[in-house]
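# Structure at a glance
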Protein chains: 2
Amino acid sequence: MSRQREVILSVLRSQRFHPTADEILLRARQRMPALALGTVYRNLKALCDEKLVRRIPMEDAPDRYDGFVEPHDHLVCTSCGKVYDIPSLQTKEALEAKLEAPVEGYELKVYFTCPKCKNQ
Amino acid sequence: MSRQREVILSVLRSQRFHPTADEILLRARQRMPALALGTVYRNLKALCDEKLVRRIPMEDAPDRYDGFVEPHDHLVCTSCGKVYDIPSLQTKEALEAKLEAPVEGYELKVYFTCPKCKNQ
DNA sequence: CATAAATTAGGAACGATTATCACTTTCATT
DNA sequence: AATGAAAGTGATAATCGTTCCTAATTTATG
């Protein structure tokens, strides 16, 4: 694990948030100013493969990344795009029982308007 | 509704499939050879706004479109990318009850390997 | 140390989608 | 039919998140 990868992972674990690659770059550069965006993407992909990080694919915006990988789903504000955690609303097992077929995973996103956006 | 939009909608309603914008263009051009890809995208967006068509955002591939808009979810093959319909596994109402907040919608995709891909 | 293997920074390239724009088409009103 | 305004079109350029490329650097290993 390179120094760059360590910094990227520690940014993602520093708080419960769901930053984009750009936001990760900004924060990581505070500790490693020469870090390149390509390196961030490369390491995010590697970290996802190792299951240390979860990617949250966004429909009309840059993907977000989550440093907390216990199963949970996401609540997405349709106005500001911010992502919140919610407890798992599905399980692989329940899906397999319902579909009577092996399931590799699922992606559930619930859309709402966050309180901040609701008050303008 | 322009002739172009009619053709695009009828392609989407001609069978239960989930084509990309490119695939829609190919089929629509059989009836309207000069049709432009930009026009396909423009009309798909309009049809989605009118709730006549549903967009299926794909994580690592071009988005797909669905001409059947009754609530249902999707099963996605991680190998070939083909999309299958499944009955709704969630309802807006159930989500709102669980989350105790108004919900605008949800997007659930279940990943599996389709039988064809499983046999190589 | 030496050298092979892996990783990097930086920038170019890619690909799906959107924007732009000059030119039709549509259609309600004469 | 002629008009004019509004909406839609085809072609192409632009956008932008992400991936790829490459020479240079770092890391691992004997």
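Data block above holds the structure.
## Details of the pattern of salt bridges
One side chain can pair with another of opposite charge once the charged atoms of both are near each other. Inspection of every chain in the model, using the stated rule, returns 12 salt bridges over all chains. Residue Asp60(B) is joined to Arg55(A) by a salt bridge in which the shortest nitrogen-to-oxygen separation is 2.8 Å. Separated into two different chains, Asp60(B) in the loop between strand E1 (54-56) and strand E2 (64-66) and Arg55(A) in strand E1 (residues 54-56) make up a pair that spans both. In this structure Asp60(B) comes out as exposed when scored by relative accessible area, which is 63%. A salt bridge links Glu107(A) to Lys109(A), with the shortest nitrogen-to-oxygen separation between them at 3.8 Å. Each of the two residues, Glu107(A) as well as Lys109(A), counts as buried. One connected set of salt bridges, linked through shared partners, spans Arg16(A), Glu70(A) and Asp85(A).

## Observations regarding the relation of the copies chain A and chain B
Turning one copy of the chain about an axis and sliding it along that axis gives the other copy, so a rotation and a shift relate them. Structural alignment of chain A on chain B gives an RMSD of 0.1 Å, achieved by rotating through 180 degrees and translating 0.0 Å along the axis. As the rotation angle and translation indicate, the two copies are arranged about a two-fold axis. Considering only C-alpha atoms, the part of chain A nearest the rotation axis is Leu108(A), at 2.2 Å. Both copies share a contact surface, since 100% of the interface residues of chain A are interface residues in chain B too.

## What to know about the interface of chain A and chain B
With 25 residues of chain A at the interface, the matching set in chain B holds 25 residues. Regarding the contact of chain A and chain B, the summed buried area is about 2100 Å², with carbon and sulfur atoms giving 56% of it. Taken as a group, Leu89(A), Leu99(A) and Glu104(A) account for 23% of the area that chain A buries against chain B, more than any other trio of residues on that side. On the surface where chain A and chain B come into contact, there are 13 residue pairs in polar contact (both at pLDDT 80 or more). Contributing elements (two or more residues each) for the side of chain A that touches chain B: helix H4 (92-99) and strand E5 (105-112) of chain A. Top contributing element to the side of chain A that touches chain B by residue count: E5(A), with eight residues. When the residues that make up the side of chain A that touches chain B are grouped by side-chain class, the tally is 13 nonpolar, four polar and eight charged. Across seven bridges, E5(A) lies against strand E5 (residues 105-112) of chain B in antiparallel orientation. If you follow Val110(A) over to E5(B), its bridge partner there is Tyr106(B).

About the criteria used
- Residues numbered from 1 in each chain as written.
- Chains lettered and ligands numbered in written order.
- Predicted model: local features only at pLDDT ≥ 70, side-chain atom pairs only at ≥ 80, totals over all residues.
- Heavy atoms only, no water.
- Salt bridge = Lys/Arg side-chain N within 4 Å of Asp/Glu carboxyl O.
- Helix = DSSP H or I, 4+ residues; strand = E, 2+ residues; numbered from the N terminus.
- Buried < 20%, exposed > 50% of the residue type's maximum accessible area, 1.4 Å probe, protein only.
- Least-squares fit on C-alpha atoms with pLDDT ≥ 70 in both.
- Contact = heavy atoms within 4.5 Å.
- Buried area = accessible area lost by both parts, 1.4 Å probe.
- Polar contact = N/O pair within 3.5 Å; in protein donor to acceptor, adjacent residues only side chain to side chain.
- Nonpolar A, V, L, I, M, F, W, Y, C, P; charged D, E, K, R; others polar.
- Pairing = 2+ DSSP bridges.

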